Structures are given as C-alpha cells and as structure tokens.
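Overview (structure and organization)
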Amino acid sequence: MTEWQTVHIEEIAEKIAMGPFGSNIKVDTFVPTGIPIISGQHLHGTRVDDGAGFNFITDEHANRLANANVQRGDIVLTHRGNIGQAAYIPRDSEFDRYVISQSQFYVRCDRSRALPEFVATYFKSPIGQHQLLANSSQVGVPSIAQPVTYLRTIEIRLPPLPEQRAIADILGTLDDKIELSRRMNETLEAMARAIFKDWFVEFGPTRAKAEGRTPYLATELWDLFPDVLDDGKPLGWELSEIGREVEAVGGATPSTKESSYWKGGENHWATPKDLSKLASPVLLDTDRKITDAAVNKISSGLLPVGTVLLSSRAPIGYLAIAEVPTAVNQGFIAMVCRKRLPNLFVLFWSYENLDFIKGISGGSTFAEISKKAFRPVPVIVPSVQILAAYESLIRPFYERIVANTKEASSLAQTRDLLLPKLISGEIRLAEAEKMSVESS
C-alpha cells in the first residue's frame, strides 16, 4: 500500500469559514427562487441532498453574506444542534452556489492534496465523528466550541489522491444505491398516500360520479364506488371509531435495574426514537432487545408483524408498520389490525388525521395522546369490496417499499463495515470492492 500521510485539516484547506449570524437570515427574507439555503435536512448523507427542498434568498442578499457562500466541492458541517453532520456539494449539484445556515460551517479543500469526497467520508467514519465531537458540549443545545479554530487542528490520515478517489467511489456507490432506494420509497409512499386521500378523504370517485364526470379509474374499480354522498360520506359507508376497528394498545418499559429483562434479550422492543430514524414507515429492527421475562411484564406483549405503530408522545406522530414481532414502550399507541380495516388503510388514515390527533392531545409537560382519547377518533369505513380493491392495489407498493428498505439496510451495513476499515487503511481496495459487489 502506498504511504499515507497524517496532516492537519488546515494543511489541506483553502478556506474554513462560519455561516452567517442568525439575524442575517430570517423567514421574512425568503423568496420563491434565488440562492438556496442549506439546512440540516440536506446533510443526512455524505452528499448535500438537493431533493430535500430549499428556502431561498435573493442574489443580492447572498452577495452580502459572501463569506457564507459555498460551492460545488465544499464540505458543509454542523456545529450547533444536530452536530456531527458532514456532507460535500457534489459536482452534479442542481445549483452552483448555496448559502449555509447559522448552525453550519464549511471547509474548501485544496484539491491537489485532498478530495472533498474523501474528507467528507472521513468525517462520517467513527474516528472522524469522534474527532468532530471531541470539542462539543451537550449542555443545552449541543454545540462544537470554536468550530473553525478547532477544525483546523484536527488530524486526518490521508492516502494519495488515486486511493482517495477509489475509496470515495466505493463508499459513494453504496451511498448512491441507498439513496436510490430511499427516493423510490418516497415516490411509492407518495403515490399510496395520494390514492388514499382521493378515495377516502376527498371521496374523489364518488364526487366525480355524482357530477357526471368522466371516469378516471379502471371500470372494475369505478363501478365499486357509490354515485352519491350521504351526510358527507359515500352512500353505504359507515361512520365508526378507530377504537372499534383496531385493537389500540400501549406498552411499557421493563425495569432497567433488572438485568434478566435485558441481558441476552432477543425480542425487539421499540421506542419512538427507533421510528425517528426511519426513512420509510417500515420497522425492521430496534436499538434495544428484551428477554421473554421482560415481554411478560408488558401487558400488550409481543405485537404481531403488521402492527401499525403511532408514537403518542415526545413527539406525537412517528408512524411505521412493524415488520418484525415487537414489544413497545409507553410512548406508543399500537394498532393491531385484526378487524375490518387493513393495516395499510390504518397507516395512511393515521397520516391524514395527525393534525386532529395532535389537536386532542393533553399533557402538562409535553403533548401526549392517551388511548382513551384516541379510541373515539372517527373513521369512515368503506365497503368490503372497496377495502379489498384498495388492499390489492396498495399492497404491492408497500411490499416494494419493504424490499427496498431491506436492501438499503444491507447496503448500509456493508458501508458501515467498510468505512472505518478503508479510512484507516486496514483493508485493501480490492477486498473492499469485492465486499461492495457481494452486498448489491
């Protein structure tokens, strides 16, 4: 292996600078189009994500914030709030200029010595994250003290440029595949939500039939819908309560002082935090596992595959379908769908009714929706035939989402295994390339 060098970031940086003061970018300065502002939502991967949507300021405003302007190849890092984020602006980015937020800073690499793709990847590795966060404080809002000065002093092991490129390409290819799966899932979920809203919220087919408009569904589907509204809902559909249509149960936290509940546990145990990290509403794993003895301490026990999970506090509104049997803590309303409504109906019904659910929440210190308040929430139940048609139409979407999520999870595991080994020079490129191909 060609010799690697240990260098300080300031030795390979053309520029390191902070974002603007908070008073320099306010909501009332946003415009419909202009120079995009990078925020934390754009930094989840190694590349700045143009697909996450932007707020904009005018060119003139951006010019006044010249020191906070970034361009293709710059690496953007977060020094306040969700610290530890690091992503570079790729060569094929949608815009050629951006402005970073007041919670960010950036480094512009001397490309004759260091590739931004490699350096950003380095800061995603365990050793890079450790170095970034070593000068941070978790008191109040998490923050990195003197981020620009501190970043200059960080040491990084740097291989020659060809090896930097090869390492970045291997890991970047895995990231690209993960990102493709995420985008596919976003599209599939958006399609499913649009169909649900049209059929069961806006009653589009029934309204169109009542008004004599041209059918926009296949004949066999179109014929299933009533052609008149009765008291604001399609004729023959039933007004019910969600608690009558699903088994709405809660969970609990087994005593953390009892090691027999946790040590060697193999049963999934979900908290809202597990759902907060999901890119799609599919739960495949949980951070913590519990033993059978612990499951027996939770009245709802081990919930079956297909259960719809709704976080009921801190915060209200995370949603997912459990694709593994799982127990839950007290931060959930879990909906077991053994009655009339299938779980894909319940999932998208929950999305559509989140504002209402949050509106009836209580709690003195933080918002919380109790099972008692949740169960009477109204739900309109369509005919058996339409529910069956909806299920047959949407189920393939969801199965594809699950398959994509599993593939992305496998790719992420490979990436996370390779990342520290490649960054440290522990394994050779040929071995890494083989592992990357096998995981695809």
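Structure's up top.
Now for a look at the structure at hand. Everything numeric in this text was worked out from a predicted model, so none of it was measured.

**Describing the packing of aromatic side chains**
What describes a pair of aromatic rings is the distance from one ring centre to the other and the angle between the planes of the rings. Applying the stated criterion to the full structure yields 22 aromatic pairs. Their ring planes at 80 degrees and their centres at 5.6 Å tell us that tyrosine 122 and phenylalanine 123 sit as a pair that is edge-to-face. For the pair formed by tyrosine 122 and phenylalanine 123, the shared burial category is buried. Relative to phenylalanine 374, the ring of tryptophan 349 has its centre 6.3 Å away and its plane inclined at 75 degrees; by these criteria the two rings are edge-to-face. Taken together, the positions of tryptophan 349 in helix 12 (residues 343-352) and phenylalanine 374 in helix 14 (residues 371-374) put the pair 25 residues apart, joining distant regions of the chain. Each member of the pair tryptophan 349 and phenylalanine 374 is classed as buried. Put simply, the rings of Phe196, Trp199, Phe200, Phe203, Phe225, Trp237, Phe345 and Tyr390 touch in pairs and so form one group of aromatic residues. The ring centre of tyrosine 351 lies 4.1 Å from the NZ or CZ of arginine 193, which sits over that ring. Here the basic side chain of arginine 288 rests over the ring of tryptophan 262, its NZ or CZ set 4.0 Å away from the ring centre.

**A look at the nonpolar core**
Ranked by internal contacts, the top residues of the largest apolar core, which has 44 residues, are Phe345, Phe374 and Tyr390. Elements supplying a minimum of two residues to this core: helix 6 (161-201), strand 20 (308-312), strand 21 (316-322), strand 23 (332-336), helix 12, helix 13 (354-359), strand 24 (378-381) and helix 15 (384-424). A per-element tally of this core places helix 15 first, with nine residues. If near-sequence neighbours (up to four positions away) are discounted, phenylalanine 345 is found in contact with Phe196, Phe200, Val379, Ile380, Pro382, Leu387 and Tyr390. Membership of the second largest hydrophobic core comes to 41 residues, among which are Leu115, Tyr150, Ala408 and Ala412.

**A short note on the pattern of salt bridges**
In total, this model carries 22 salt bridges according to the counting rule given. Residue arginine 183 is joined to aspartate 49 by a salt bridge in which the shortest nitrogen-to-oxygen separation is 2.8 Å. With arginine 183 in helix 6 and aspartate 49 in the loop between strand 3 (35-38) and strand 4 (55-57), the pair connects residues that are 134 residues apart, well separated along the chain. The partly exposed category is assigned to arginine 183, whose relative accessible area is 35%. Using a relative accessible area of 15% as the deciding quantity, one classes aspartate 49 as buried. For the salt bridge of arginine 182 with glutamate 186, the shortest nitrogen-to-oxygen distance reads 2.5 Å. Of the two residues, arginine 182 and glutamate 186 both sit in helix 6, four residues apart, roughly one turn of that helix. Under the relative-accessibility criterion, arginine 182 is labelled partly exposed at 21%. Three or more residues joined by partner-sharing salt bridges are found here, namely Asp49, Glu179, Arg182, Arg183 and Glu186.

**Structural notes on the sheet that holds strand 5 (residues 69-70)**
Strands sit in the order 4-3-8-5 across an open sheet of four strands; the sheet is mixed. In this open sheet, the two strands that pair with only one neighbour each are strand 4 and strand 5. Taken together, the three bridges between strand 3 and strand 4 define a ladder with antiparallel strand orientation. What sits directly across from isoleucine 37, in strand 4, is asparagine 55.

**Digging into the sheet that holds strand 17 (residues 267-270)**
The three strands lie next to each other as 19-17-22, forming an open sheet whose pairing is mixed. Each end of this open sheet is capped by a strand with a single partner; those strands are strand 19 (288-290) and strand 22 (326-328). Strand-to-strand, the axes of this sheet are offset by a mean angle of 45 degrees, without reference to chain direction. Across three bridges, the pairing between strand 17 and strand 22 is parallel. From the neighbouring strand, alanine 270 faces strand 22, where its bridge partner is valine 328.

**Brief notes about the packing of helix 3 (residues 116-124) against helix 6**
Running from N to C, helix 3 and helix 6 point in directions that differ by 60 degrees, and their axes come no closer than 8 Å. It follows from the interaxial angle that helix 3 and helix 6 lie oblique. Every pair of crossing elements has a handedness; the one defined by helix 3 and helix 6 is left-handed. Where helix 3 abuts helix 6, its residues Glu117, Phe118 and Thr121 lie against Gln164, Arg165, Ile167, Ala168 and Leu171.

About the cut-offs
Residues numbered from 1 in each chain as written. Predicted model: local features only at pLDDT ≥ 70, side-chain atom pairs only at ≥ 80, totals over all residues. Heavy atoms only, no water. Phe/Tyr/Trp six-rings, centres within 6.5 Å; stacked < 30°, edge-to-face > 60°. Buried < 20%, exposed > 50% of the residue type's maximum accessible area, 1.4 Å probe, protein only. Helix = DSSP H or I, 4+ residues; strand = E, 2+ residues; numbered from the N terminus. Lys NZ or Arg CZ within 6 Å of the ring centre and 35° of its normal. Core = buried A, V, L, I, M, F, W, Y, C linked by side-chain atoms within 4.5 Å. Contact = heavy atoms within 4.5 Å. Salt bridge = Lys/Arg side-chain N within 4 Å of Asp/Glu carboxyl O. Pairing = 2+ DSSP bridges. Axes fitted to C-alpha atoms, helices over the stretch in contact; angles between N-to-C directions. Parallel < 35°, antiparallel > 145°, perpendicular 65-115°, else oblique. Left-handed = near helix turned anticlockwise from the far one by under 90°.

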